[in-house]
Protein chains: 2
Amino acid sequence: MTAPEGAAGACPIPSLSYRTVLLGHGSGGRLMHELIEKVFRPLLLPPETRVLNDAAVLDINGLRLAFTTDAFVVDPLVFPGGDIGRLAVNGTINDLAVSGARPLFLSAAFILEEGLPIDTLWQVVESMRRAAEEAGVSIVTGDTKVVDRGKADKLFITTTGIGVVEYEGPLSASEARPGDLVLLNGPIAAHGMAVMLAREQVEFERPICSDTAPLHTLVATMLQTSPRIRCIRDVTRGGLASALNEIATSSQVGIHIDEEAIPIQEEVKGACEILGLDPLHVANEGKLVAVVAREDAPKVLGAMRAHPLGREAAIIGEVVEDHRRLVLLRTRVGGFRVVSMLAGEQLPRIC
Amino acid sequence: MTAPEGAAGACPIPSLSYRTVLLGHGSGGRLMHELIEKVFRPLLLPPETRVLNDAAVLDINGLRLAFTTDAFVVDPLVFPGGDIGRLAVNGTINDLAVSGARPLFLSAAFILEEGLPIDTLWQVVESMRRAAEEAGVSIVTGDTKVVDRGKADKLFITTTGIGVVEYEGPLSASEARPGDLVLLNGPIAAHGMAVMLAREQVEFERPICSDTAPLHTLVATMLQTSPRIRCIRDVTRGGLASALNEIATSSQVGIHIDEEAIPIQEEVKGACEILGLDPLHVANEGKLVAVVAREDAPKVLGAMRAHPLGREAAIIGEVVEDHRRLVLLRTRVGGFRVVSMLAGEQLPRIC
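Residues numbered from 1 in each chain as written. Chains lettered and ligands numbered in written order. Predicted model: local features only at pLDDT ≥ 70, side-chain atom pairs only at ≥ 80, totals over all residues. Heavy atoms only, no water.

So, about the state of the cysteines. Inspection of the entire model under this criterion finds zero disulfides over all chains. Cys231(A) takes part in no disulfide bond, and the closest cysteine sulfur to it belongs to Cys351(A), at a distance of 20 Å. For Cys231(A), a relative accessible area of 1% gives the class buried. No disulfide involves Cys272(B); its sulfur sits 15 Å from that of Cys209(B), the nearest cysteine. (Disulfide = S-S within 2.5 Å. Buried < 20%, exposed > 50% of the residue type's maximum accessible area, 1.4 Å probe, protein only.)

As structure tokens, this is what we get:
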């Protein structure tokens, strides 16, 4: 491609160790963060924006709004427990929720491949309708583009959401302090394994279902319970490992987690072992991790367990002074290992 | 694909004369409207939403916000006068502007094809930065997904925008009344021809440049000049013909336009003739059409001509009582012909 007009003399292209986009740039892990930090942040994002997949919090005439966008390219379109439409609605709701916002309105932009069966489109849109209805949000505007056969894979959806920020606290990945406890709302790695097994058409005795769910009522319950929740993150691409690493880095703290304490379904654990995947790196779509002041952790845990999406909530670790910017896992056998952010790409097109 | 859970017993699939998505479903014309009316509206959009590519106007705690989204899939990524990045920023600004809103914040979601050169990505993002800066809006949040090689075409961008609605009037495609005049801000069909010639690598003596431009300051000037502007539409996919047909249908009026009065550059007209395209159906990205009460039309025209993006503005026709829901063109030779909404697809992936 030739340079757009006026590009000469503009911001210099950063030096990177690769010259093309890699699958890993969409992983939610290290490569994606590098792309955000070196390409998107210097050009697009105001300096106060933390990471690109967070909701931005805007002040418009005194009203505090959260604003977030996500593209969905999951393959296959339908998998046990969900489909791309439900994922697109819930994913955007969750990005708003973990910013302390009450989700209100969504937009949906569709990129369709020529030849996509209308039935498939209908089923996906129907699924979005139901997901929005269940979560109490409205899809109020949209767009449709069609590309020629072979130039997209069936159907991509970008949802963007607006919510009102009602929580007063800071609620940020940079607020974790030594002594805080780390809470998780339930068993990990189900979404990634459900999509992967559906894609590879592998069948296990007991099917693994995606955990896709709208987390906004769970978050609201937690925030009502304690004013000392430091941060909440939805645990999606890049898995629990990436979410915890982001918090450790942003807050300049160490995080210890305990393998024994992290809930995981037996069949998910088994599938990860067979496929050689670390469940800490596998994507979720209905999980959140919260860092909470130690004294309030028991009551926040109680509130989570009383909510249908937090029945298996657990305290999985703590924030420490040592090992700043590192996440350490105490294994079942009692040793410690460093849990890194996902480096390359494990499961492309997981959401 | 198998049906998503619970799809059985849900809304029945509409009867349509095609079973798959056609390129024409992205045209901005009749097929796209049918898809919106039969698939998206019954499932997703609240009944009061007019058409899917309009901005929704939301009331949040007394604040009136416009909210709009657009996917951009233009091929090639760069063309004379612009590129996909500039198009994505300006297109969303314009959707907000014609809703009477002051554009404030944008989000940007990228779908990248594995193997896309980082240089290309940088140039596109750089171009977005400059377009946003020039227009005075901030890109505050985003997302990146990567799909495997061959599953997308280089780079797609979805931009979503928020603006504050400051105009008090109704400003709607259903507000046109017989006697009103139709105003256009400048020569048509340049964007579509620029992209098409770039794609086909046809070179003309004088290059045709896209008209991509942010129209919000022009719209603000117009709205300050007269409280009797009935509606403003940006004239994009589907061309002037589709925009006027939408107004005629929504307002249940006839529209007469005068071929002689419609500005078009000689080289654009020549290119359309050679390629057998009707310039009334060719896309624009910096054009708007306004329906204005007859008594205020001269002063609105004056205000438009005093703005850099309206120097060649013209009164191109009038709203009439007869021929309800039809747009009639008085040709140069004095006859009349019906101007239909674009039926199929003339130029896929024009924006």
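All names here are of chain B. Counting buried residues in strand 5 (residues 101-113) gives twelve out of 13 residues, a clear majority hidden from the surface. Across eleven bridges, strand 5 lies against strand 7 (residues 155-165) in antiparallel orientation. Directly across from Ala108, in strand 7, lies its bridge partner Thr159. As paired elements, strand 5 and strand 6 (residues 138-147) share nine bridges and run parallel to each other. Looking at strand 6, one finds that Ala108 is bridged to Gly142. (Helix = DSSP H or I, 4+ residues; strand = E, 2+ residues; numbered from the N terminus. Pairing = 2+ DSSP bridges.)

Let's shift gears to the relation of the copies chain A and chain B. For the pair chain A and chain B, the superposition axis carries a translation of 0.0 Å, the fit reaches an RMSD of 0.0 Å, and the rotation angle comes to 180 degrees. These values place the two chain copies in the arrangement generated by a two-fold rotation axis. The rotation axis passes nearest to the C-alpha of Ala152(A) in chain A, at a distance of 2.1 Å. The overlap is high: 100% of the interface residues of chain A also sit at the interface in chain B, so the same surface is used on both sides. (Least-squares fit on C-alpha atoms with pLDDT ≥ 70 in both. Contact = heavy atoms within 4.5 Å.)

All right, on to the packing of aromatic side chains then. A ring pair, where both rings are aromatic, is described by two values, the distance of the centres and the angle of the planes. One pass over the structure, following the stated rule, counts three aromatic pairs over all chains. Ring geometry for Phe110(A) and Phe40(B): centres 4.7 Å apart, planes at 45 degrees, overall tilted. Of this pair, Phe110(A) sits in strand 5 (residues 101-113) while Phe40(B) sits in helix 1 (residues 30-43), placing the two residues on different chains. Between the aromatic rings of Phe156(A) and Phe156(B), the centroid separation amounts to 6.4 Å while the plane-to-plane angle is 45 degrees, which identifies the pairing as tilted. Here the residue Phe156(A) occupies a position in strand 7 (residues 155-165), and Phe156(B) occupies one in strand 7, the pair thus bridging two chains. (Phe/Tyr/Trp six-rings, centres within 6.5 Å; stacked < 30°, edge-to-face > 60°.)

Turning next to the domain arrangement of chain A. Residue and element names in this part refer to chain A. For chain A, the assigned domains read domain 1 (1-49), domain 2 (50-165) and domain 3 (181-338). In this structure, domain 1 and domain 3 have C-alpha centres spaced 29 Å apart. With six residues of domain 1 at the contact, the number on the domain 3 side is four residues. Carbon and sulfur atoms supply 42% of the area that domain 1 and domain 3 bury against each other, a total of about 320 Å² over both sides. Along the contact surface separating domain 1 from domain 3 lie zero salt bridges. Our count for the contact surface shared by domain 1 and domain 3 stands at three residue pairs in polar contact (both at pLDDT 80 or more). In terms of residue class, the side of domain 1 that touches domain 3 is made up of one nonpolar, five polar and no charged. (Domains from an automatic or database assignment. Buried area = accessible area lost by both parts, 1.4 Å probe. Salt bridge = Lys/Arg side-chain N within 4 Å of Asp/Glu carboxyl O. Polar contact = N/O pair within 3.5 Å; in protein donor to acceptor, adjacent residues only side chain to side chain. Nonpolar A, V, L, I, M, F, W, Y, C, P; charged D, E, K, R; others polar.)

Take the sheet that holds strand 5 of chain A next. All names here are of chain A. Read across the open sheet, the five strands follow the order 1-2-7-5-6; overall the sheet is mixed. Bordering the open sheet on either side are strand 1 (56-60) and strand 6 (138-147), each of which pairs with just one other strand. Direction aside, neighbouring strands of the sheet carry axes that sit 20 degrees apart on average. Taken together, the eight bridges between strand 2 (residues 63-72) and strand 7 define a ladder with antiparallel strand orientation. Counted as the bridge partner of Phe72 is Ile157 from strand 7. (Axes fitted to C-alpha atoms, helices over the stretch in contact; angles between N-to-C directions.)

Attention now goes to helix 3 (residues 118-135) of chain B. Over its 18 residues, helix 3 of chain B extends 26 Å from the first C-alpha to the last, a length consistent with the 26 Å expected when each residue adds 1.5 Å. Here helix 3 of chain B lies mainly inside the structure; 15 of its 18 residues are buried. (Expected span 1.5 Å × (residues − 1).)

All names here are of chain A. Among the ten residues of strand 2, nine are classified as buried, and the element is accordingly described as predominantly covered. In the sheet, strand 1 pairs with strand 2 via five bridges, with the strands oriented antiparallel. Bridging from a neighbouring strand, Val57 pairs with Ala66 of strand 2. Between strand 1 and strand 2, which follow one another and run antiparallel, lie two residues, and Asn61 among them has a positive phi close to 45 degrees.

Turning to its location among the elements, His25(B) is positioned in the segment before helix 1. A relative accessible area of 0% means that His25(B) is categorised as buried. Within the local environment of His25(B), its side chain forms a polar contact with the side chain of Tyr18(B), the two groups lying 3.3 Å apart. Filtering out sequence-adjacent residues up to four positions away, His25(B) remains in contact with Ile118(A), Thr144(A), Val146(A), Tyr18(B), Thr20(B), Leu31(B), Met32(B) and Leu35(B).

We now examine unusual backbone geometry. Residue and element names in this part refer to chain A. Residue Asp75 is joined to Pro76 through a cis peptide bond whose omega torsion reads 5 degrees. Along the chain, Pro76 turns up in the loop between strand 2 and strand 3 (78-79). In this model, Leu171 sits at a positive phi of 45 degrees, which is unusual for a non-glycine residue. Its location among the elements puts Leu171 in the loop between strand 7 and strand 8 (181-184). Residue classification places Leu171 among the buried residues on the basis of a relative accessible area of 12%.

At the junction of the two partners, chain A supplies 100 residues and chain B supplies 100 residues. Of the roughly 8700 Å² buried between chain A and chain B on both sides combined, carbon and sulfur atoms contribute 72%. Our enumeration of links across chain A and chain B arrives at six salt bridges. One salt bridge connects Asp70(A) with Lys145(B), and the closest N-O pair in it is separated by 3.6 Å. At the boundary of chain A and chain B, one finds 20 residue pairs in polar contact (both at pLDDT 80 or more).

When the charged atoms of two side chains lie near each other, side chains of opposite charge can form a pair. Counted under the stated rule, the structure contains 48 salt bridges over all chains. Taking the shortest distance from any N to any O, the salt bridge between Arg233(A) and Glu246(A) comes out at 2.8 Å. One end of the pair, Arg233(A), is in strand 9 (residues 229-234); the other, Glu246(A), is in helix 6 (residues 239-251), with 13 residues separating them in the sequence. Judged on exposure class, the residue Arg233(A) and its partner Glu246(A) are both buried. With a shortest N-O distance of 3.9 Å, Glu260(B) and Arg332(B) are connected by a salt bridge. Taken together, the residues span a long stretch of sequence, with Glu260(B) in the loop between strand 10 (254-258) and helix 7 (266-275) and Arg332(B) in the loop between strand 13 (327-330) and strand 14 (336-338) at a distance of 72 residues. Each of Asp70(A), Arg237(A), Asp143(B) and Lys145(B) takes part in one network of salt bridges that share partners.

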